[in-house]
Amino acid sequence: MFRVDTRPLVVRIMPVLDFGGAESRVVLQSRMSDGRPYRLRVITLHKAGAAASEIRDAGVPVDDLRLNPSIRDLRTTIRLAMHLRKLHPRIIHASVGEAIVHGLLAGRMAGVPVRIGEEVGMPSHSWRLRPFMRALYASATRIVGVTKAVCDYLVTADGAPPAKVVHTYTCADPSFFSQPDVRAPAPTSNAEFRILHVGRLDPVKNQVTLLRAFARAHSRESRLRLRILGEGKEREKLETLRTELGLEDVVELPGFTPDIRTHLLESHLFALPSLSEGCSISMIEAMSTGVPIVASKVGGNMEVLGDHADRWTVHPEDVDGLSGLMLDVAGLPKEAWKALSSSLQKRAHSAFSPDAYMNRLDRLYDEASAASGLSGLQSPQRETGASRP
């Protein structure tokens, strides 16, 4: 029999589909979309890069509209609305600033019944933009924050309606959860103690503080080593500071690599001193691999670490505090290090696994449909029509 897929259509909207945490979650959703109570399609406003190829390889259609993603370009909103009218989705789910603005406006213009915007990090809207965002959020069916801290900001700073704001944690790639018994090795007292940082080289990631804190820790414990994975506009500044601090032999800046897990499995500590974080995928990846964490005391990091947050976080500009935490972890007895590793890994698997994330999306789509006066998501497929040869 010819099968007609009657599941409701969900359209994910992104500014670009290249590299990044938000893109990785759309890739994950595409790979795990078989058997879900909806059909999935993905739109990129501006660029179909590496993530788009992975989504297509998973069998999910990708529409590359090649539009200007700037929120000031009304033509992009109109073109997107015209495209959505052709697709007739039940739900649009727009992530990242430009896609949220264009997606929520175009979705309303196109008559899409369920319109979801997802803030993947801590927003920083200017006072001039906030009245517009307040009205935009009010027009949405739901606004998603990836941590409770993001949700609180949306309500208190941007004026989003509290009843429309929902909290949905993110997750890491399935490869980080496929072998739960495989974890980073415990350090030994006579060998190098390897510290890892992963993130774009950008002021918000606060790698300058990381280098200064590492320098102080290394002056007291010479077996410490630091590897910073990532690329960005801060590279030259960080390379210069590494030289000024005399750390060329103990600090590596190898650039970006897609094989983060291999580096984690060689590390004894993960450091994330960001000035601001939503729900850090790199931190979740480290936890799922059993690597202890030291981080900045900012909302997203505190939530991800859970019960470990008070002990292993400091103010993002506290160089001495961060240095002290590095030395504290390096000085843990082997069994204490293993216990910390195991506890963090268990938290990652319970709260941030791909299955947990996909179940949260199912509930989000179902509840948002109900809030719009629609029935729940339907069964995957039914047979109808004539048979194929």
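Below: a short report on this structure. (Residues numbered from 1 in each chain as written. Predicted model: local features only at pLDDT ≥ 70, side-chain atom pairs only at ≥ 80, totals over all residues. Heavy atoms only, no water.)

### Some thoughts on the overall build of the protein
Phase 1 of the analysis: Helix and strand counts for the protein come out as 15 helices and 15 strands.
Phase 2 of the analysis: The C-alpha atoms of the protein give a radius of gyration of 22 Å, which matches the 21 Å a tight globule of 389 residues would have.
Phase 3 of the analysis: Dimensions of the protein along its principal axes, counting C-alpha atoms only, are 70 × 50 × 35 Å.
Phase 4 of the analysis: Looking at the protein as a whole, 55% of its 389 residues qualify as buried.
Phase 5 of the analysis: Within the protein, contacts between residues at least 6 apart in sequence are counted, and of these 71% link residues at least 24 apart.
Phase 6 of the analysis: Carbon and sulfur atoms make up 49% of the accessible area of the protein, which amounts to about 16,800 Å² in all.
Phase 7 of the analysis: One way to put it: in the protein the 50 positive side-chain charges average out to a point 6 Å from where the 44 negative ones average out. (Helix = DSSP H or I, 4+ residues; strand = E, 2+ residues; numbered from the N terminus. Rg over C-alpha atoms; globule rule 2.2 N^0.38 Å. Buried < 20%, exposed > 50% of the residue type's maximum accessible area, 1.4 Å probe, protein only. Contact = heavy atoms within 4.5 Å. Areas by Shrake-Rupley, 256 points an atom, 1.4 Å probe, with all protein chains shown as cover. Lys, Arg positive; Asp, Glu negative; His and termini not counted. Charge placed at Lys NZ, Arg CZ, Asp CG, Glu CD.)

### Some thoughts on a nonpolar patch on the surface
Phase 1 of the analysis: Judged by side-chain polarity, Leu74, Ile78, Met82 and Met109 come together as a nonpolar surface patch covering roughly 370 Å² of accessible area.
Phase 2 of the analysis: Ranked by residues supplied to the nonpolar patch, first place goes to helix 3 (residues 74-87) with three residues.
Phase 3 of the analysis: Mapping Met109 onto the fold places it in helix 4 (residues 97-109). (Patch = residues over 30% accessible without salt bridge, like charges linked within 9 Å, V, L, I, M, F, W, Y side chains within 5 Å. Salt bridge = Lys/Arg side-chain N within 4 Å of Asp/Glu carboxyl O.)

### Comments concerning the sheet that holds strand 11 (residues 251-255)
Phase 1 of the analysis: The six strands are arranged 11-10-9-12-13-14 in an open sheet whose pairing can be described as parallel. Strands at the two margins of the open sheet, each flanked by one partner only, are strand 11 and strand 14 (313-314).
Phase 2 of the analysis: Taken together, the three bridges between strand 12 (residues 269-272) and strand 13 (residues 293-296) define a ladder with parallel strand orientation. Pairing of Ala271 across the sheet is with Val294, part of strand 13. (Pairing = 2+ DSSP bridges.)

### Observations concerning the pairing of strand 10 (residues 224-229)
Regular strands place their side chains on alternate faces of the sheet.
Phase 1 of the analysis: Burial runs high along strand 10: five of the six residues are buried.
Phase 2 of the analysis: For strand 9 (residues 193-198) and strand 10, the ladder comprises six bridges, and the chain directions are parallel. From the neighbouring strand, Leu196 faces strand 10, where its bridge partner is Arg227.
Phase 3 of the analysis: In terms of handedness, the path from strand 9 via helix 7 (residues 207-220) over to strand 10 forms a crossover that is right-handed.
Phase 4 of the analysis: Where strand 10 lies against strand 11, three bridges are found, and the strand directions are parallel. Its bridge partner lying in strand 11, Arg227 is registered against Glu252. (Right-handed = clockwise from strand over helix to strand, strands pointing away.)

### Considering the pattern of salt bridges
Phase 1 of the analysis: Applying the stated criterion across every chain, the model contains 19 salt bridges.
Phase 2 of the analysis: Here Glu192 and Arg225 are joined by a salt bridge, their closest N and O atoms 3.5 Å apart. On the criterion of sequence distance, the pair formed by Glu192 in the loop between strand 8 (165-167) and strand 9 and Arg225 in strand 10 is long-range, its members being 33 residues apart.
Phase 3 of the analysis: Glu192 gets classed as partly exposed once you look at its relative accessible area, which sits at 37%.
Phase 4 of the analysis: Measuring nitrogen to oxygen at the nearest pair gives 3.4 Å for the salt bridge that ties Arg227 to Glu266. Pair noted here: Arg227 is in strand 10 and Glu266 is in the loop between helix 9 (260-264) and strand 12, with a separation of 39 residues, a long-range link.
Phase 5 of the analysis: What makes Arg227 buried here is its relative accessible area of 18%.
Phase 6 of the analysis: Among the charged side chains, a salt-bridge network with shared partners connects Arg227, Glu252 and Glu266.

### Let's talk about helix 4
Side chains three or four residues apart in an α-helix point the same way, a direct result of the helix having 3.6 residues per turn.
Phase 1 of the analysis: With 13 residues, helix 4 ought to run about 18 Å at 1.5 Å a step, and its terminal C-alpha atoms sit 19 Å apart, in line with that.
Phase 2 of the analysis: For helix 4, the set of buried residues is Ala99, Ile100, Val101, His102, Gly103, Leu104, Ala106 and Gly107. (Expected span 1.5 Å × (residues − 1).)

### Examining the packing of aromatic side chains
Phase 1 of the analysis: Going through the model one piece at a time under the given rule, you end up with two aromatic pairs.
Phase 2 of the analysis: Taken together, a centroid distance of 5.1 Å and an interplanar angle of 70° make the contact between Tyr169 and Phe352 edge-to-face. Linking Tyr169 in the loop between strand 8 and strand 9 with Phe352 in the loop between helix 14 (334-351) and helix 15 (354-371), this pair joins segments that are 183 residues apart in sequence.
Phase 3 of the analysis: What makes Phe352 buried here is its relative accessible area of 0%.
Phase 4 of the analysis: Lying across the ring of Trp312, Arg311 places its NZ or CZ 4.1 Å from the centre. (Phe/Tyr/Trp six-rings, centres within 6.5 Å; stacked < 30°, edge-to-face > 60°. Lys NZ or Arg CZ within 6 Å of the ring centre and 35° of its normal.)

### Things to note about empty space enclosed by the protein
Phase 1 of the analysis: In total, this model carries one cavity of 30 Å³ or more according to the counting rule given.
Phase 2 of the analysis: As a volume, the largest cavity reaches approximately 30 Å³.
Phase 3 of the analysis: Every residue lining the largest cavity is listed: Thr209, Pro273, Ala295, Ser296, Val314, His315, Pro316, Asp318 and Leu322.
Phase 4 of the analysis: Class assignment of the residues belonging to the lining of the largest cavity gives a composition of five nonpolar, three polar and one charged. (1 Å grid on protein atoms, 1.4 Å probe; cavity = no way out; pocket = protein on both sides within 12 Å on 5 of 7 lines; lining within 4 Å. Points joined across faces, edges and corners; volume = space filled by probe spheres on them. Nonpolar A, V, L, I, M, F, W, Y, C, P; charged D, E, K, R; others polar.)

### Some remarks on the nonpolar core
Note on soluble globular proteins: their nonpolar side chains tend to be buried together.
Phase 1 of the analysis: Among the nonpolar cores identified, the biggest contains 76 residues, and Phe214, Phe270, Ile293 and Met326 are the most heavily contacted of them.
Phase 2 of the analysis: Core analysis: the second largest hydrophobic core is formed by 29 residues, Met14, Leu40, Ile55 and Met358 among them. (Core = buried A, V, L, I, M, F, W, Y, C linked by side-chain atoms within 4.5 Å.)

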